[in-house]
Amino acid sequence: MNQESLTFYNRTAKKGSFIFFPEDFSLKVSDFDCFSCLSKAQQETLSAIISVSEVKDSESTYDVDSLCSILEINKPTLNKRIRSLESFGILQHVPFKFDDSNKLIGRVKCIQLMLNPKLQLELTQRSTERTTNYAHRRHNAMLVQREYDNQGFRERPEAAHIPIVRQRSSFPFDQLVAPVGIHTSQWATEFYVNDEKGNSHKLVAQARSHSHVCTDDELMTVYSLLSLTLAYHTKQQEYYSRTGRIPENLTPIYVDDVLAIRKRHLRDFSGQLRQAVRDQLNSIRDTTFDVIGLQELELTGVQLSGYLSRELKIFKQCSPFTPIAPEISENNQVSFGDSAMLYLIEWPDELFNSLISDESSFAFPPNLLTVQPLIFMLFLRFRIKLRDQNSYIETLANLKSALMRTSEMSQFKETLKTQIIKVNALNDPHLSASLEDDGFFKFNLWGYHGVIDFECNEIQISINLDEALACCGIKSVNQKTPTIANPLAQAVSPLLKVNRTLSKAVGAKLNVERFKYHFKLNFDNEDIFISHYTTTEQKTKFCKYIAHAIGLPIPSVEDFITGELESLSTFKVQGQTLQRNHYGIIYKSLAATGNTQIDLSSHMILKELSRRSSLKPELITLIEGKTFQLSDVFISKLSQGLFIQEELPENTYPNIL
């Protein structure tokens, strides 16, 4: 080897990339210990590189591939670590040539370990910034925990050991989400559902979002949230049994718990993983599905048949819970929850009730949420397809249409092969993939064994039922779809039955008039108006007042009101729903006028909004998040129809608090 021009005489391209150690190489492992910006894996890789300098060959080189055996990792993982160290500038490519011009270099790289004063300064600055950011997030987490304790939230479960579950009730979102990598504000798809007789029906869904529609990666986060929700309330089972209270459909969820259940690294100094969870929660919250299908209904005694649209959302409500107040920026945007570590989630009532009260829950393999989204969706598809049969065959074109319909077939096949082969790195005995000598691609996903023929474009799947059940922690062989007992149901189901009985008793004592956006309760010549936009504080006062007046428990009145609200419509403008936070802006703007002669009851405000078409353009900008402040003209026009002619019943109920 000629050191001046780095010409190598004993190497060839077949040996692959190599590390070059100059004669004055003197770096030690301790030289890098002070840089906290380097991960544990990066530190281990540097340590291995420095250690092999003692066994370098006669030309002061060492094969990169030989580091795999030292670090006990595979080649793709090593290459990823090398690239990460190259991004820091610690490993750098050095120009070189072979002595024989006929020796092709190809993709071979000569890599040298560097640590000059300039690089030391950059690494020190990165480490300081990372440590500062970590301390800032740790401080915020302590504030959240303190707030969590002060608000009376109960102890949360150990997320790393929570089983992956899903409620037994219908959950069509598995078929509605967009493929990962599709970042769009609209997405349309077809899906199928079975009726009570087992007949299949095709439906069409239009997904829309202010940010981007929910993808299959976000669906994996939904599964983690369902599992965390059930685990949280199960941990409080003794409290529910002792007090007779029903679990409230409002669950505190920590961002780190989502990372833990998906088995992602918690030493997230850069905050990228936590921010990804926040972005996913926002996407799930913002996505609305308009499901369209043929339905039969009876209207004023007439049987009708036609296509109807129904709006579905995965969350009923989802909000950051943080001690940091919101701020309005100069570009008219609200900054809120950007670094939140705790979220409060409210599920659709039917879903939540099924999750907590069904005798069993669907069970899944513990590592399901650690795989790539495509593998996750494949597993769900295989599980549904083999629910009533032992094997099936389908074309890759059909599979692509279901999972990645926007991609080209060649791209889909390559992605399928690449993603499935990655399961070998997860160290799970029930995950494997290999390309056989006969050209077939074979794999095992937790008992679902597949063979892909890329020449004939077919995939064949069969199930080893004993293995599939065992992977989900099921010992019984009397199941086709793995389910586990729901311990919370034993405590909750009797309470729900009692509550339903008492709820009927509440309805019998109240005179209820139902309107499109609100209902009116009348008893003892008192009228109370309630809508979806009635504040939680107001509903609490109403429930206490009614329970006191009719002599029934407060939870029974709460359940009755919740049931009535389910039958009401939410206010919409051009198909877009006015959310409670939007209504809150309208209410606060009206209250800020200080005019005591206008009626601020929600049903009157909604009535005026629906009848004044001139307000709709500005209302749309509010709903779409383009503004968070209403003009004086808007408030003035809205106020004109809210002037009090006489004292209204809603403002006259006794103050018993």
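Since we're looking at a predicted model, the values are computed, not measured.

It is worth spelling out the packing of helix H6 (residues 216-235) against helix H11 (residues 373-385) at this point. Packed helices, taken two at a time, are described by the angle between their axes plus the distance between the axes. Running from N to C, H6 and H11 point in directions that differ by 65°, and their axes come no closer than 9 Å. In this view, H6 runs roughly perpendicular relative to H11, as classed from their interaxial angle. Relative to H11, the crossing made by H6 is left-handed. Contacts between H6 and H11 pair Asp216, Asp217, Leu219, Met220 and Tyr223 from the former with Pro373, Phe376, Met377 and Leu380 from the latter. Considering only residue class, the contact of H6 with H11 consists of seven nonpolar, no polar and two charged.

Read from one edge of the open sheet, three strands run E24-E25-E26, paired in antiparallel fashion. Only two strands of the sheet have a single partner each, and these edge strands are strand E24 (511-514) and strand E26 (526-531). Taking each pair of neighbouring strands and ignoring which way they run, the sheet shows an average axis angle of 20°. Of the strands in this sheet, E24, strand E25 (518-523) and E26 are in contact with helix H17 (residues 554-566), which crosses E25 at around 140°.

The next subject is the nonpolar core. Counting 90 residues, the largest nonpolar core has Trp347, Phe376, Leu378, Leu416 and Phe443 as the members making the most contacts within it. The element that contributes the greatest number of residues to this core is H6, accounting for nine residues. When neighbours within four sequence positions are excluded, leucine 416 is seen to be in contact with Leu374, Leu378, Leu396, Leu399, Ile452 and Phe454.

Inspection of every chain in the model, using the stated rule, returns 23 salt bridges. Note that aspartate 527 is salt-bridged to lysine 520, the shortest N-O span being 3.9 Å. Given the relative accessible area of 16%, lysine 520 is considered buried. If you follow the salt bridges from partner to partner, you end up with Arg208, Asp290, Glu311 and Lys572 in one network.

What follows concerns a positive patch on the surface. Residues Lys80, Arg83, Arg107, Lys109 and Lys422 make up a contiguous surface patch of positive charge. Tracing the sequence through the fold places arginine 83 in helix H3 (residues 75-88).

Below, the discussion takes up the confidence of the model for the protein. When pLDDT is averaged across the protein, the result is 84; 90% of the residues are at 70 or more. Note that residues 647-657 has pLDDT below 50 and, in this model, 21 contacts with residues that lie over four places away or in other chains.

All right, on to the pairing of E24 then. Pairing geometry for E24 and E25, over four bridges, is antiparallel. The partner of asparagine 511 across the bridge, within E25, is asparagine 522. Linking E24 back to E25 in an antiparallel pair, the connection comprises three residues.

All right, on to the packing of aromatic side chains then. Applying the stated criterion to the full structure yields 18 aromatic pairs. With a centroid separation of 5.5 Å and an interplanar angle of 50°, the aromatic rings of phenylalanine 173 and phenylalanine 289 are classed as tilted. Taken as a pair, phenylalanine 173 in helix H5 (residues 173-176) and phenylalanine 289 in strand E11 (residues 288-299) lie far apart in primary sequence, 116 residues in all. We note that phenylalanine 173, like phenylalanine 289, is buried. Plain terms: the ring middles of phenylalanine 379 and tryptophan 446 are 5.4 Å apart, the flat faces sit at 90° to each other, and that makes the pair edge-to-face. With phenylalanine 379 in helix H11 and tryptophan 446 in the loop between strand E20 (441-445) and strand E21 (448-453), the pair connects residues that are 67 residues apart, well separated along the chain. As far as burial versus exposure is concerned, phenylalanine 379 and tryptophan 446 are alike and both buried. Aromatic rings pair up to connect Phe8, Phe18, Phe20, Phe96 and Phe98 into one cluster. Taking the ring centre of phenylalanine 364 as reference, the NZ or CZ of arginine 383 above it sits at 4.1 Å.

Time to look at the sheet that holds strand E4 (residues 91-93). Here we have four strands laid out as an open sheet, ordered E3-E2-E6-E4, and mixed in their pairing. The open sheet has two edge strands, strand E3 (61-63) and E4, and neither has a second partner. Ignoring strand direction, the axes of neighbouring strands in this sheet form an average angle of 35°. The pairing of E4 with strand E6 (residues 110-113) spans three bridges and is antiparallel. Within the sheet, the bridge partner assigned to leucine 91 lies in E6 and is leucine 113. Strand contacts of H3: E4 and E6, with the helix running at about 90° to E4, the strand carrying the most contacts.

Taken together, the buried positions of helix H12 (residues 396-403) are occupied by Leu396, Leu399, Lys400 and Leu403. All buried residues of H12 fall inside an arc of 100° around its axis, so they share one side. Where the residues of H12 are buried, they touch H11, strand E18 (391-395), helix H13 (409-421), E21 and strand E22 (458-463).

Turning to unusual backbone geometry, a few remarks are in order. Of note, glutamate 72 is a non-glycine position whose phi angle comes to about 60°, a positive value. Relative to the elements of secondary structure, glutamate 72 occurs in the loop between helix H2 (67-71) and H3. At asparagine 427, a residue that is not glycine, the phi angle is positive and equals roughly 55°. In this fold, asparagine 427 is placed in the loop between H13 and strand E19 (431-435).

Rules used throughout
- Residues numbered from 1 in each chain as written.
- Predicted model: local features only at pLDDT ≥ 70, side-chain atom pairs only at ≥ 80, totals over all residues.
- Heavy atoms only, no water.
- Axes fitted to C-alpha atoms, helices over the stretch in contact; angles between N-to-C directions.
- Helix = DSSP H or I, 4+ residues; strand = E, 2+ residues; numbered from the N terminus.
- Parallel < 35°, antiparallel > 145°, perpendicular 65-115°, else oblique.
- Left-handed = near helix turned anticlockwise from the far one by under 90°.
- Contact = heavy atoms within 4.5 Å.
- Nonpolar A, V, L, I, M, F, W, Y, C, P; charged D, E, K, R; others polar.
- Pairing = 2+ DSSP bridges.
- Core = buried A, V, L, I, M, F, W, Y, C linked by side-chain atoms within 4.5 Å.
- Buried < 20%, exposed > 50% of the residue type's maximum accessible area, 1.4 Å probe, protein only.
- Salt bridge = Lys/Arg side-chain N within 4 Å of Asp/Glu carboxyl O.
- Patch = residues over 30% accessible without salt bridge, like charges linked within 9 Å, V, L, I, M, F, W, Y side chains within 5 Å.
- Areas by Shrake-Rupley, 256 points an atom, 1.4 Å probe, with all protein chains shown as cover.
- Lys, Arg positive; Asp, Glu negative; His and termini not counted.
- Charge placed at Lys NZ, Arg CZ, Asp CG, Glu CD.
- pLDDT = per-residue confidence, 0-100.
- Phe/Tyr/Trp six-rings, centres within 6.5 Å; stacked < 30°, edge-to-face > 60°.
- Lys NZ or Arg CZ within 6 Å of the ring centre and 35° of its normal.
- Arc of directions from axis to C-beta.

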